[in-house]
Number of protein chains: 2
Amino acid sequence: MQSAVRRIVSVGVQVMKKVTMKQEDVAAFGNLIGDHNPIHSDLAAAKAAGFPSTICYGMFAGSLFSGLMATELPGPNTVYISQNLRFLAPVFVGDELEIIAKVTQFRRDRGLIEMATIVQKKDPTDENKRITCVDGFAVGLNKTVEFKGESTWKTR
Amino acid sequence: MQSAVRRIVSVGVQVMKKVTMKQEDVAAFGNLIGDHNPIHSDLAAAKAAGFPSTICYGMFAGSLFSGLMATELPGPNTVYISQNLRFLAPVFVGDELEIIAKVTQFRRDRGLIEMATIVQKKDPTDENKRITCVDGFAVGLNKTVEFKGESTWKTR
């Protein structure tokens, strides 16, 4: 007997995980995509380009949603349909990030779930504020979750 | 004296690179995003889920554009502004991919360049056809390239 709990999907449901951006991970991502610009791995090169620290690839920060969706919301058995990303502020090595996915709408009949996806970090000038580094919307298909409530659906 | 050639950006300019998807790279990407679903690393698990081989993370395939843009078109000094992705067909370990970026429009006054971004592979049933695995549009900002010709600009 399987004891897995069905995930509940309703508009407004949100998950968050914290990730501290590590140099070794940024370097590994650069190797995977074939971009070896030293601003991502060499502190002196990053500083020469005007950055306070080595800078994370935007797509690496954006890809952290993928892990959150596969494991948390909608969770296992999700097919990734689409992802829109805007890169709004840089992510640096050492930054403590909050990766957020929040259900914005769903189509129960097709098992489609849209989430707002956000990468944010603390504003160094105000501990209580957040800077949005990446935002966008993801759509996943998952026929194993439990939908609660109603939702309209518009294509963005 | 710097001898670097300025990149030419005009509507229709296209670059392509070929990538063969490797198991070790798929596993490394999974570690980076915290998704360890065995369909990405264990052939038996992938086959049990109905796939012919282990399956690449959609965001990994989508991230290959990032390397192409940083190195080829628009090339060095590009700031990544946005990326939209649709995951249309699976990418499997062993697939030989063509990663394509093609200029669709630009705004010379702001240095903005939009590209259609495509990951495709050969159709196993017809050598002359291609299957689009991922498509979308990227916008990059680059003030060091040379723009040729004219372009309208519409926000997608």
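Not measured: the values here are computed from a predicted model.

Here is what the cut-offs are and how they apply
Residues numbered from 1 in each chain as written. Chains lettered and ligands numbered in written order. Predicted model: local features only at pLDDT ≥ 70, side-chain atom pairs only at ≥ 80, totals over all residues. Heavy atoms only, no water. Helix = DSSP H or I, 4+ residues; strand = E, 2+ residues; numbered from the N terminus. Contact = heavy atoms within 4.5 Å. Pairing = 2+ DSSP bridges. Axes fitted to C-alpha atoms, helices over the stretch in contact; angles between N-to-C directions. Least-squares fit on C-alpha atoms with pLDDT ≥ 70 in both. Salt bridge = Lys/Arg side-chain N within 4 Å of Asp/Glu carboxyl O. Buried < 20%, exposed > 50% of the residue type's maximum accessible area, 1.4 Å probe, protein only. Buried area = accessible area lost by both parts, 1.4 Å probe. Polar contact = N/O pair within 3.5 Å; in protein donor to acceptor, adjacent residues only side chain to side chain. Nonpolar A, V, L, I, M, F, W, Y, C, P; charged D, E, K, R; others polar.

Q: Just checking my understanding: could you explain the environment of serine 10 of chain B for this structure?
A: All names here are of chain B. Topologically, serine 10 is positioned in the loop between β1 (8-9) and β2 (14-20). Spatially, the C-alpha atoms of serine 10 and glutamate 146 are 8.5 Å apart, while their sequence positions differ by 136 residues. Those residues in contact with serine 10 that lie beyond four places of it in its chain are Val103, Phe106 and Lys148.

Q: What should I look at first to understand the sheet that holds strand β3 (residues 79-87) of chain B in this one?
A: What holds strands together in a sheet is hydrogen bonding between their backbones, with the strands either parallel or antiparallel. Sheet architecture is open: 10 strands sit in the order β2(A)-β4(A)-β5(A)-β6(A)-β3(A)-β3(B)-β6(B)-β5(B)-β4(B)-β2(B), paired in antiparallel fashion. Strand pairing shows two members of the sheet lacking a second neighbour, β2 (14-20) of chain A together with β2 of chain B, which therefore form its edges. Adjacent strand axes in the sheet meet at a mean angle of 25° when their direction is disregarded. Here strand β3 (residues 79-87) of chain A runs beside strand β6 (residues 126-141) of chain A; their pairing, made up of eight bridges, is antiparallel. Looking at β6 of chain A, one finds that phenylalanine 87 of chain A is bridged to valine 134 of chain A. Running at roughly 145° to β3 of chain B, helix α3 (residues 58-71) of chain B makes contact with β3 of chain A together with β2, β3, β4 (96-107), β5 (112-123) and β6 (126-141) of chain B of the sheet.

Q: Which parts of the structure should I look at to understand the relation of the copies chain A and chain B?
A: One copy of the chain maps onto the second through a rotation around an axis plus a translation along that axis. You can overlay chain A on chain B at an RMSD of 0.0 Å; the transform is a turn of 180° with a shift of 0.0 Å along its axis. Both chain copies can therefore be described as sitting about a two-fold axis. Distance from the rotation axis, computed per C-alpha, reaches its smallest value in chain A at asparagine 84 of chain A: 2.1 Å. Both copies share a contact surface, since 100% of the interface residues of chain A are interface residues in chain B too.

Q: Any chance you could explain the pattern of salt bridges here in plain terms?
A: In a structure, side chains of opposite charge can pair up when their charged atoms sit close to one another. Residue and element names in this part refer to chain B. Counted according to the given criterion, the structure contains 14 salt bridges over all chains. One salt bridge in this structure joins glutamate 114 and arginine 156, with 2.7 Å as the shortest N-O distance. Residue glutamate 114 is found in strand β5, and its partner arginine 156 is found in the segment after β7 (146-147); the two are separated by 42 residues along the sequence. Classification of glutamate 114 as buried rests on a relative accessible area of 3%.

Q: Help me understand the interface of chain A and chain B, please; the structure alone is not making it clear to me.
A: Accessible area lost upon the coming together of the parts is a frequently used measure of interface size. Contacts between the two partners involve 25 residues from chain A and, on the opposite side, 25 residues from chain B. Together, the buried faces of chain A and chain B total about 2100 Å²; carbon and sulfur atoms form 64% of this surface. It is Leu32, Ile33 and Met59 of chain A in chain A that bury the most area against chain B; as a group they hold 30% of the surface buried on that side. At the surface where chain A touches chain B, the tally comes to six residue pairs in polar contact (both at pLDDT 80 or more). Residue assignment for the side of chain A that touches chain B shows that the elements contributing at least two residues are α1 (23-33), α3 (58-71) and β3 of chain A. Per-element accounting of the side of chain A that touches chain B gives the leading share, nine residues, to α3 of chain A. Of the residues that constitute the side of chain A that touches chain B, the class distribution is 12 nonpolar, nine polar and four charged. Across five bridges, β3 of chain A lies against β3 of chain B in antiparallel orientation. Directly across from asparagine 84 of chain A, in β3 of chain B, lies its bridge partner asparagine 84 of chain B.

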